[in-house]
Amino acid sequence: MKLKILEIEYHPSIMDKAKSLLSGIGNIKQTQKYYDSWSNHYDFTLDKWKYTAPKKSIIILKKKLKNYPHRILDLACGTGLFGVELKKIYRNSQIYGSDISKKSLKIAKEKNIYKKLININFEKTFNYETKFELISMIGAMTYCKSFDKIFSNTKNYLKKKGHFIFSHRTDLWDKQNFDEVLRSLKLDFKINYISRPCNYLPLNNDFKNKIKIRLVLLEKY
Ligand SMILES: C[S@@+](CC[C@H](N)C(=O)[O-])C[C@H]1O[C@@H](n2cnc3c(N)ncnc32)[C@H](O)[C@@H]1O
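Conventions and cut-offs
- Counting of residues starts from 1 at the beginning of each chain's written sequence and follows it residue by residue.
- Totals for whole chains, interfaces and linings use all residues, but because this is a predicted model, local features are given only for residues with pLDDT of at least 70 and pairs of side-chain atoms are given and counted only at 80 or more.
- Helix and strand definitions follow DSSP, with helices as H or I runs of at least four residues and strands as E runs of at least two, each counted in order from the N terminus.
- We compute the radius of gyration over the C-alpha atoms and compare it with the globule rule, which gives 2.2 Å times the number of residues raised to the power 0.38.
- By definition, residues are in contact whenever their C-beta atoms, placed on the basis of the backbone, come within 7 Å of each other.
- In this text, near has one meaning. A residue is near a molecule or strand if its C-beta atom, placed using the backbone, is within 6 Å of it.
- Lys, Arg, Asp and Glu make up the charged group, whereas Ala, Val, Leu, Ile, Met, Phe, Trp, Tyr, Cys and Pro make up the nonpolar group; the residues left over, Gly among them, are polar.
- We define a nonpolar core as a collection of buried residues of the types Ala, Val, Leu, Ile, Met, Phe, Trp, Tyr and Cys that are connected via C-beta atoms lying within 7 Å of each other.
- Note on burial: count the other C-beta atoms lying within 10 Å of the residue's C-beta; 20 or more is buried, 12 or fewer is exposed, in between is partly exposed, and C-beta positions come from the backbone.

## Some points on the overall build of the chain
- Scanning the chain from N- to C-terminus turns up nine helices and eight strands.
- For 221 residues, the compact-globule estimate of 2.2 N^0.38 gives 17 Å, and the C-alpha radius of gyration of the chain, at 17 Å, lies within 12% of that figure.
- Across its three principal directions, the C-alpha atoms of the chain cover 50 × 35 × 35 Å.
- For the chain, contacts bridging at least 24 residues in sequence account for 70% of all contacts bridging at least 6.

## Side note on the site of the ligand
- In the vicinity of the ligand lie 20 residues, with Tyr 35, Ala 76, Gly 78, Gly 139 and Tyr 143 positioned nearest.
- Put simply, the parts of the chain that give the shell around the ligand at least two residues each are helix H3 (28–48) and helix H5 (81–89).
- By residue number, the principal contributor to the shell around the ligand is H3, which donates three residues.
- The residue makeup of the shell around the ligand, split by class, is 12 nonpolar, six polar and two charged.

## Looking at the nonpolar core
- Residues Ile 72, Leu 73, Leu 75, Phe 132, Ile 135, Met 137 and Phe 166 are the most contacted members of the largest nonpolar core, which totals 48 residues.
- In terms of residue count, strand E8 (residues 212–220) provides more of this core than any other element does, five residues in total.
- Filtering out sequence-adjacent residues up to four positions away, Met 137 remains in contact with Leu 75, Ala 76, Phe 122 and Phe 166.

## Regarding the environment of Tyr 34
- Position of Tyr 34 relative to the elements: it lies in helix H3.
- Once the C-alpha coordinates of Tyr 34 and Leu 21 are considered, the two residues, 13 residues apart in sequence, prove to be 9.8 Å apart.
- If sequence neighbours within four positions are ignored, Tyr 34 has contacts with Ser 20 and Ile 25.

## What about the environment of His 168?
- Mapped onto the secondary structure, His 168 falls in strand E5 (residues 158–169).
- For His 168, a count of 22 C-beta atoms within 10 Å puts it in the buried group.
- Expressed as a C-alpha distance, the spacing of His 168 and Met 137, which sit 31 residues apart in the sequence, is 9.4 Å.
- For His 168, the contacting residues outside a window of four places in its chain are Met 141, Trp 173, Phe 178, Ile 213, Arg 214 and Val 216.

This is a description of form; function is not addressed.
Rendered as structure tokens:
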């Protein structure tokens, strides 16, 4: 068992994963393939890198949300790491998840936390049978090619006064002038909370102290 763990820890493909995570994966097909091929080791690797964005996001939700979100949409849910945390505090909620990686969704399904899982690009629109009180997108704003599309989709999927929680890398935040992106949403969303930069992958050498994330909570008007 010990040997197997070591074998995975130093597997070169996982080291390569860190490199491309940092510099960008490519187009949607490449991103999908990348996460498909990582899916079996994803939870293990993220645990090794001490990925805590899901737990930190939950702390924010607990503090800021006044009403229980009965219907939740977890965009780019991957293998379900955030879904697991959501289910711990919102046991009675119906959680929908979506992702482009079919293989990650297969792993998410095995966790038995999602009511429905949909294999779709978050920039495409989807006709969900319901509106949501809460939408999340943790660890995936990096892959957004059009902020207009993602924010217009979330606005349409949310109920009035519904919330959207997401994380975004600090290096990309600066490069993309993300403060301005948030300001441009002011007719549709109120900014409820923006965290200070916090650790993203503290035990990954490429990210460590260099690249952090902010967590953002928006409320739809
Ligand atoms: C770093 S993982 C985060 C997964 C999960 N939210 C978590 O916190 O562990 C990024 C996820 O975004 C998904 N993804 C990337 N681009 C996407 C897109 N355009 N549409 C839907 N999912 C996407 C990937 O397949 C991957 O599962």
